[in-house]
Amino acid sequence: MGGNHIYIGLLGSIYAGFQLGSGPVMGSLSDLKGRKQILILTLLVCGAAYLVLGLTNSIAIILLMRAVLGFFKQTQLLTKALVPDYEKDDKKQSVIYGKMAAISGVGITLGPVIGGHIVEDYPIHGFTIIGLIVCICFIVNAGLVYQLPKVNVSVRRNSNSKNSSQNILQSLLSCSKQSFVLLSKVEWSKYWIVFTFQALNSFAMGVYYSNYGLYLKTQYGLTPKHIGYVVSLQGVIGAISSFMMGYINSFYTSDKDYSIRNYHVFVLLCTSLLGICLSVNVFMYTVLLIPLAIANAVGRLVTLEMILKRSHGDHRGTLIGASNSVRSLSGVVAPLSAGFIGEFFGVGYVLYASFAAVFIGFMLSYQFKSKRIKLD
């Protein structure tokens, strides 16, 4: 379509930016109108957006649809919020969430492979076919949600429909005000270093993931099918690493504040990314993806545990929310940064920006670990 690297960066940044702001809106709407109804609405809107993506040849419309998807595609949030309506037992809820995560992991693994095969087998109309398939999936999901049995759930409905939008706005303003009050009470001097680690990790991975497909195509001549296999490999390794977190923690019984684990994560990220930057063939690149995927998956959990460990139960929800905001902001900045670097310096230099971020994290984590050891 004649797009450049900046447009590719915008595809990621626009989506992440609208995701950042739409979570509270969709959450409040589901409280006011019912989670089932809002989930069906979002699924249908997303289905239509993906259909338009598959049919259009306009970059402007593609960017617009990415904004629509960023705003409405809160399906994970709404689905998780829907579970307690049907299962009241907390222990059974955790089992359901685990099964949902496992099914999601299967989808993330199979999706790139199927998409890669379709694009390679049908180079002219492959993306249109994918858009149509995704649209059908969303419509089927909407039908499945509609078939869910009715449950007695208290929903804050309004007797006067004319004041509906006003009440939604009031609810959002009230939530925002309460959030700012809670944020002001948090002792941020205790957490800034952890959020810095999280921001550097998220930025580095955001830069990497926003351009790896283009990098594999330009540097090694990989076809969409083989790129799909590479993406699936990363998903499988990441899922296994998250599942094995308890086993990994068993090697760090003396690391009470997670500082050593955090340091090792950045060591692994630095080593693997530097190797990827200098890799001479696709085999070396693929082998180095294994430690990168492990470090990325473990690093997400380690920084979260560092935050929870320091919170001692106070402001825990606020801190987790702030943690998600850090990741979302990185998701806005990283693709744009990658786009500018790719446009003005070349795709090969994008990964060096990712390496620079984790190298700074490596230096800070080493300093942080050394201080904690001296204090102990």
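Refer to the structure printed above.
Here is a short report on the structure shown in this document. Throughout this document, residue positions are counted from 1 along each chain, in the order its sequence is written. Reporting of local features is limited, given that this is a predicted model, to residues whose pLDDT is at least 70; pairs of side-chain atoms are given and counted only at 80 or more, and all residues count toward the totals for whole chains, interfaces and linings. Just so you know, side-chain values use all the structure's heavy atoms and leave hydrogens and water out.

Locating Val280 in the fold gives a position in the loop between helix H11 (259-278) and helix H12 (282-311). As for Val280 and Gln219, which are separated by 61 residues in sequence, their C-alpha atoms are 9.5 Å apart. Numbering of helices and strands starts at the N terminus; helices are DSSP runs of H or I of at least 4 residues and strands are runs of E of at least 2.

Quick look at the packing of aromatic side chains now. Side-chain rings of Phe, Tyr and Trp, where Trp is taken by its six-membered ring, are said to pair if the distance between their centres is within 6.5 Å; with planes under 30 degrees apart they count as stacked, over 60 as edge-to-face, and otherwise as tilted. Inspection of every chain in the model, using the stated rule, returns 15 aromatic pairs. Taking 6.1 Å as the distance between ring centres and 40° as the angle between the ring planes, the aromatic pair formed by Tyr349 and Tyr352 counts as tilted. Think of it as a cone above the ring: NZ of Lys or CZ of Arg counts as a charge over the ring if it is within 6 Å of the ring centre and within 35 degrees of the ring normal. Sitting over the face of the ring of Tyr258, Arg261 holds its NZ or CZ atom 3.9 Å from the ring centroid. Above the plane of the ring of Tyr263 lies Lys369, whose end atom (NZ or CZ) is 4.9 Å from the centre.

It is worth spelling out the side chain of Ser272 at this point. Following the sequence through the fold, Ser272 ends up in helix H11. Throughout, a contact is declared for two residues whenever any of their heavy atoms are within 4.5 Å. Contact partners of Ser272, with chain neighbours within four places excluded, come to Leu288, Pro291 and Leu292.

Let us look at helix H9 (residues 224-243). Multiplying one less than the number of residues by 1.5 Å gives the expected span of a helix. Taking 1.5 Å of rise per residue, 20 residues should cover 28 Å, and H9 covers 29 Å from first to last C-alpha, within 8% of that figure. The complete set of buried residues in H9 reads Ile227, Gly228, Val230, Val231, Ser232, Gln234, Ile237, Gly238 and Ser241. Partly exposed residues are those whose accessible area sits between 20% and 50% of the maximum for their type, while under 20% is buried and over 50% is exposed, using a 1.4 Å probe and protein chains only.

Geometry is summarised by axes, namely lines fitted to C-alpha atoms with helices restricted to the contacting stretch, and by angles between N-to-C directions that run from 0 to 180 degrees. Look at helix H8 (residues 192-220) against H9: their axes get within 10 Å of each other, and the N-to-C directions meet at 145°. The handedness of the crossing between H8 and H9 comes out as right-handed. Residues Tyr208, Tyr209, Tyr212, Gly213, Leu216 and Lys217 of H8 pack against Ile227, Val230, Val231 and Gln234 of H9. Residues that form the contact of H8 with H9 fall into these classes: 7 nonpolar, 2 polar and 1 charged. Crossing handedness: left-handed means the near helix sits turned counterclockwise from the far one by under a right angle, and right-handed means the same turn made clockwise. Note that Gly is not counted as nonpolar here; it falls among the polar residues with everything else outside the nonpolar set of Ala, Val, Leu, Ile, Met, Phe, Trp, Tyr, Cys and Pro and the charged set of Asp, Glu, Lys and Arg.

As a further point, take the packing of H8 against H11. It is the contact of H8 with H11, at a shortest axis distance of 12 Å, that shows an interaxial angle of 20°. Put simply, H8 runs roughly parallel to H11. With respect to the hand of their crossing, H8 and H11 are arranged in left-handed fashion. Together, Phe197, Asn201, Met205, Tyr208, Tyr215 and Tyr220 of H8 and Asn262, Phe266, Leu269, Leu273, Ile276 and Cys277 of H11 make up the contact between the two elements. A class-by-class count of the residues in the contact of H8 with H11 yields 10 nonpolar, 2 polar and no charged. Throughout this description, any angle smaller than 35 degrees is read as roughly parallel, any larger than 145 degrees as roughly antiparallel, any in the 65 to 115 degree range as roughly perpendicular, and the remainder as oblique.

This brings us to the side chain of Ser330. With respect to the element layout, Ser330 can be found in helix H13 (residues 316-344). Setting aside residues no more than four positions away along its own chain, Ser330 makes contact with Ala199, Ser202, Phe203 and Pro335.

Bringing the pattern of salt bridges into the picture now. Whenever Lys or Arg places a side-chain nitrogen within 4 Å of a carboxyl oxygen from Asp or Glu, that contact is recorded as a salt bridge. For the structure on display, the rule yields 2 salt bridges. Residues Lys225 and Glu120 are paired through a salt bridge, measuring 4.0 Å at the closest nitrogen-oxygen approach. Highlighted residues: Lys225 in helix H9 and Glu120 in helix H5 (residues 90-121), separated in sequence by 105 residues. Judged by relative accessible area, Glu120 falls into the partly exposed class, the value being 29%. Linking Asp255 and Arg261 is a salt bridge whose minimum nitrogen-to-oxygen distance equals 2.9 Å. Grouping residues by exposure puts Asp255 and Arg261 together as buried.

With that settled, the discussion passes to the nonpolar core. Ranked by internal contacts, the top residues of the largest apolar core, which has 41 residues, are Tyr208, Leu269, Tyr285, Leu292 and Val358. Looking at this core, the element that brings in the most residues is H8, giving 11 residues. Beyond its immediate stretch of four places on either side in the chain, Tyr208 contacts Gln234, Leu273, Tyr285, Leu289, Leu292, Leu351 and Ser354. The next biggest cluster of nonpolar side chains, apart from the first, holds 19 residues, and it includes Tyr15, Ala49, Tyr50 and Leu53. Residues belong to one nonpolar core when they are buried, are Ala, Val, Leu, Ile, Met, Phe, Trp, Tyr or Cys, and are joined through side-chain atoms within 4.5 Å.

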